[in-house]
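Architecture at a glance
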Amino acid sequence: MAELTRLVTAEPGECVQAAGSPEHRLVIVVSGHLRVVHIEPTGRERLVRIIAAGEYVGDTAFVLRRPPVHFAFAERRARLGLLDHHDLAALTDEHPLLLRHMLQVATERLLAAERLLAASRTSDVTARLAAYLLRLPRREGADGDRWVTLPVQQKDLASFLGARPETLSKRMRALVRDDVLARRGRRDIALRDLALLEEHAAAID
C-alpha cells in the first residue's frame, strides 16, 4: 500500500475532503488530526467526528461508490497519505481481509455514533465529557499526572458532544475546581481523579 500512497502536508484549516467532491480517494492521517464536519445550509458547522493518526476518511464513499457527504479539514498541521479509490479497489480484490477490516472499522464507528446519540439524550454533559477524555491517548507527566491533549478547539468538542459551548465550559470548570481535572493552556488536560471520571462516564452505559 505504501508505494501507492502519496504523502502530502495539509495546513491548519485546509479542506482535504469536500462534500459532493468528484475526487475518489482515501485520506489517511499519518500525523495530526482532521475535523469531519457537516455544514448546514445556514453555514453553521456541526462536528461529526475527529480523525486521529492511523485513521482515515473516504472509506464510506469507496464502499457506497458515492461522493462524500461531509467536509474534512486539517486541525493544525497534518501529514496525510492519499490513496486513489481505484488502487484501493485493486488492493481489496487482492487482499479481501483488508475490505473486511474496513467494514469492521465502519461498523465500530457507527456503534460509537449511536452510543453518543443515545448519551446526548439520556446523560448529562459531564458524563459525556468524562467518557470522551478517558478515550483520549494519555501520557504521564513529570508530576505523575496522566495528561491528554484535546485534538480540537473546545467549541468543536462541544458540538461533537452535543452540548452548548457555555455548558461545556461550565462543566469543565467545575471538574477543575473539584480537582478532578487540571488544565495547562487551552488543550492540555490532566486526569487527576480517574476513579471519579470513570464513575461519571458510567452514567452513559
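Quick caveat: nothing in here was measured; it's all calculated off a predicted structure.

1. As for the nonpolar core
For soluble globular proteins, nonpolar side chains are generally found buried alongside one another. The biggest cluster of nonpolar side chains holds 30 residues, and the ones touching the most others in it are Leu129, Tyr132, Leu133, Leu157, Leu181, Ile189 and Leu191. The set of elements that each furnish at least two residues to this core consists of strand 4 (45–51), helix 4 (125–135), helix 5 (154–161), helix 6 (165–177), strand 10 (188–191) and helix 7 (194–201). Here this core gets seven residues from one element, more than from any other, and that element is helix 4. Ignoring any residue separated from it by four or fewer positions in sequence, one finds Ile189 in contact with Leu133, Arg146, Trp147, Val148, Leu150, Met172, Leu181, Ala182 and Arg183.

2. Concerning the packing of aromatic side chains
Within the structure shown, the criterion is met by two aromatic pairs. Here Phe71 and Phe73 contribute two aromatic rings whose centre-to-centre distance is 6.1 Å and whose plane-to-plane angle is 10 degrees, an arrangement assigned as stacked. On the accessibility criterion, Phe71 (23% relative accessible area) is partly exposed. We classify Phe73 as buried; its relative accessible area is 12%. When the ring of Tyr132 is compared with that of Phe160, the centres are 5.9 Å apart and the planes differ by 65 degrees; the resulting orientation is edge-to-face.

3. Looking at the side chain of His85
Relative to the helices and strands, His85 is located in helix 2 (residues 85–94). On the basis of relative accessibility, which here comes to 10%, the residue His85 falls in the buried class.

4. Regarding the side chain of Asp156
With respect to the helices and strands, Asp156 occurs in helix 5. What makes Asp156 buried here is its relative accessible area of 8%. At 3.4 Å, the side chain of Asp156 forms a polar contact with the side chain of Lys155. Once residues within four sequence positions are removed from consideration, Asp156 is found in contact with Arg35 and Leu47.

5. So, the packing of helix 4 against helix 6
Running from N to C, helix 4 and helix 6 point in directions that differ by 70 degrees, and their axes come no closer than 10 Å. As summarised for this structure, helix 4 and helix 6 are arranged roughly perpendicular, according to the angle between their axes. Together, Val125, Thr126 and Leu129 of helix 4 and Thr167, Leu168, Arg171, Met172 and Leu175 of helix 6 make up the contact between the two elements. Looking at the contact of helix 4 with helix 6 residue by residue, the classes come out as five nonpolar, two polar and one charged.

6. Here's the deal with the environment of Asp179
Its location among the elements puts Asp179 in the loop between helix 6 and strand 9 (181–184). Residue Asp179 is classed as partly exposed on the basis of its relative accessible area of 42%. Taking the C-alpha atoms as reference, Asp179 lies 9.7 Å from Ala190; in sequence the two are eleven residues apart. Sequence-distant contacts of Asp179, that is, excluding residues within four places in its chain, are made with Arg192 and Asp193.

7. Remarks on the environment of Lys155
Within the secondary structure, Lys155 is located in helix 5. A sequence separation of eleven residues divides Lys155 from Glu166, and the C-alpha atoms of the two residues are 8.7 Å apart.

Procedures and definitions
- Residues numbered from 1 in each chain as written.
- Predicted model: local features only at pLDDT ≥ 70, side-chain atom pairs only at ≥ 80, totals over all residues.
- Heavy atoms only, no water.
- Core = buried A, V, L, I, M, F, W, Y, C linked by side-chain atoms within 4.5 Å.
- Buried < 20%, exposed > 50% of the residue type's maximum accessible area, 1.4 Å probe, protein only.
- Helix = DSSP H or I, 4+ residues; strand = E, 2+ residues; numbered from the N terminus.
- Contact = heavy atoms within 4.5 Å.
- Phe/Tyr/Trp six-rings, centres within 6.5 Å; stacked < 30°, edge-to-face > 60°.
- Polar contact = N/O pair within 3.5 Å; in protein donor to acceptor, adjacent residues only side chain to side chain.
- Axes fitted to C-alpha atoms, helices over the stretch in contact; angles between N-to-C directions.
- Parallel < 35°, antiparallel > 145°, perpendicular 65-115°, else oblique.
- Nonpolar A, V, L, I, M, F, W, Y, C, P; charged D, E, K, R; others polar.

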